[in-house]
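Breakdown of the fold
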Amino acid sequence: MTILKEGEPKGSYGLRGGKRIYEGYNDERKVKGRKKKEETRGKHYYAKEFSKTNNELPKKHHNKIACTDSEKYLSALPDNCVDLIFTSPPYNFGLDYDTKGDDAAAWKEYFDKLDRVWEQCIRVLKYGGRLVINIQPLYSDYVPAHHFISNSLVSRGLIWKGEVMWEKNNYNCKYTAWGSWKSPSNPYMKYSWEFVEIFCKGSLKLEGSKENADIAADDFKKWVYGKWSIAPERKMKEYGHPAMFPEELAKRVIQLFSFRESVVLDPFAGVGTTCVVAKRLGRTYLGVDVSEQYCDAAKKRLSKENGRLL
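Calculation notes
- Residues numbered from 1 in each chain as written.
- Predicted model: local features only at pLDDT ≥ 70, side-chain atom pairs only at ≥ 80, totals over all residues.
- Heavy atoms only, no water.
- Buried < 20%, exposed > 50% of the residue type's maximum accessible area, 1.4 Å probe, protein only.
- Helix = DSSP H or I, 4+ residues; strand = E, 2+ residues; numbered from the N terminus.
- Arc of directions from axis to C-beta.
- Contact = heavy atoms within 4.5 Å.
- Polar contact = N/O pair within 3.5 Å; in protein donor to acceptor, adjacent residues only side chain to side chain.
- Phe/Tyr/Trp six-rings, centres within 6.5 Å; stacked < 30°, edge-to-face > 60°.
- Axes fitted to C-alpha atoms, helices over the stretch in contact; angles between N-to-C directions.
- Parallel < 35°, antiparallel > 145°, perpendicular 65-115°, else oblique.
- Left-handed = near helix turned anticlockwise from the far one by under 90°.
- Nonpolar A, V, L, I, M, F, W, Y, C, P; charged D, E, K, R; others polar.

1. Things to note about helix α5 (residues 145–155)
Taken as a whole, α5 has its buried residues at A145, H146, I149, S150, S152 and L153. Seen from one end, α5 has its buried residues packed into an arc of 160°, which puts them on one side. Projecting away from the buried face of α5 at angles above 90 degrees are the exposed residues N151 and S155. At its buried positions, α5 is contacted by α4 (107–124), β5 (125–135) and β7 (193–200). Of the residues flanking the end of α5, it is G157, one or two places downstream, whose phi is positive at about 95°.

As structure tokens, this is what we get:
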């Protein structure tokens, strides 16, 4: 058995920092004339020029759950007044939401409505603010909703910052439930994750005070890796909602993409997970949802946060 010494190559491999690595890795990653090539390609070629003048969210909207249509409510807010938007829109799967709408609408109707909400979200988002969306494609209809939504936001001038694969570790599915068995005829792909798409308005950089950055070093190192292993929410029956994301997902998004004292908006607030976590982390929250039942549940959850230690 050959023992490698630090810095000594062995074939295509060597030892660096106690780890066995491919010797040509760093060479392959180097791009000559990177800046010039970015200029030639047109970095963020789709990015739109937005106003850099940010405004304050009026106090009457601070720490509020608004039970109404989000498109209508957001239209009354000032331009450039929200630091972070984190939301998960209804998936249009046919889930039993307590809403006035249909969660199995025609796809054009569904995406048209979302587009009108996104228009308002972009308008109220501050320059340098982030819009983060948790969405899962409808695999049975072969509709890549995450791609459609991303294309819509890019076409409106937002900068696509990246995406996170939220690994839910859901393996309790029958492999023969759909598609062809042991045949290339029509195999049905199974997935155990959802997507978290991240966009910026005008700039990749969000202005803020260093003292208001509240993310720990170890968390930062783990969370910038684009795969988050987080168990699904276990209390959906308790809150009466069929499609909640867990508090841990909201915590990571809020701490990684906003400063303390920022304004955090969720235009599809459901039972208020984004708002609860935002409050807990010292942010100003605003949640909007059309369901009275969900808004009541959100308000009850938020009331329990009073006096809770951060």
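2. Examining the side chain of S203
As for its placement among the helices and strands, S203 is situated in the loop between β7 and α6 (217–223). In terms of polar contacts, S203 uses its side chain to reach the backbone amide nitrogen of K205, at 3.0 Å. If we skip the residues at most four places from it in the chain, S203 touches Y127, G128 and I159.

3. Observations concerning the packing of aromatic side chains
Going through the model one piece at a time under the given rule, you end up with seven aromatic pairs. Ring plane angle 25° and centroid distance 5.5 Å describe the contact between W107 and F111, whose orientation is recorded as stacked. Taken as a pair, W107 and F111 lie in helix α4 at a separation of four residues, close to a single helical turn. Assessed through its relative accessible area of 12%, F111 is described here as buried.

4. Considerations on the packing of α4 against α5
It is the contact of α4 with α5, at a shortest axis distance of 10 Å, that shows an interaxial angle of 45°. Here α4 lies oblique to α5, going by the angle between them. Both α4 and α5 take part in a crossing whose hand is right-handed. Residue-level contacts link F111, L114, D115, W118 and I122 of α4 to A145, F148, I149, S152 and L153 of α5. Across the contact of α4 with α5, the residue classes break down as eight nonpolar, one polar and one charged.

Structural measurements only, silent on function.
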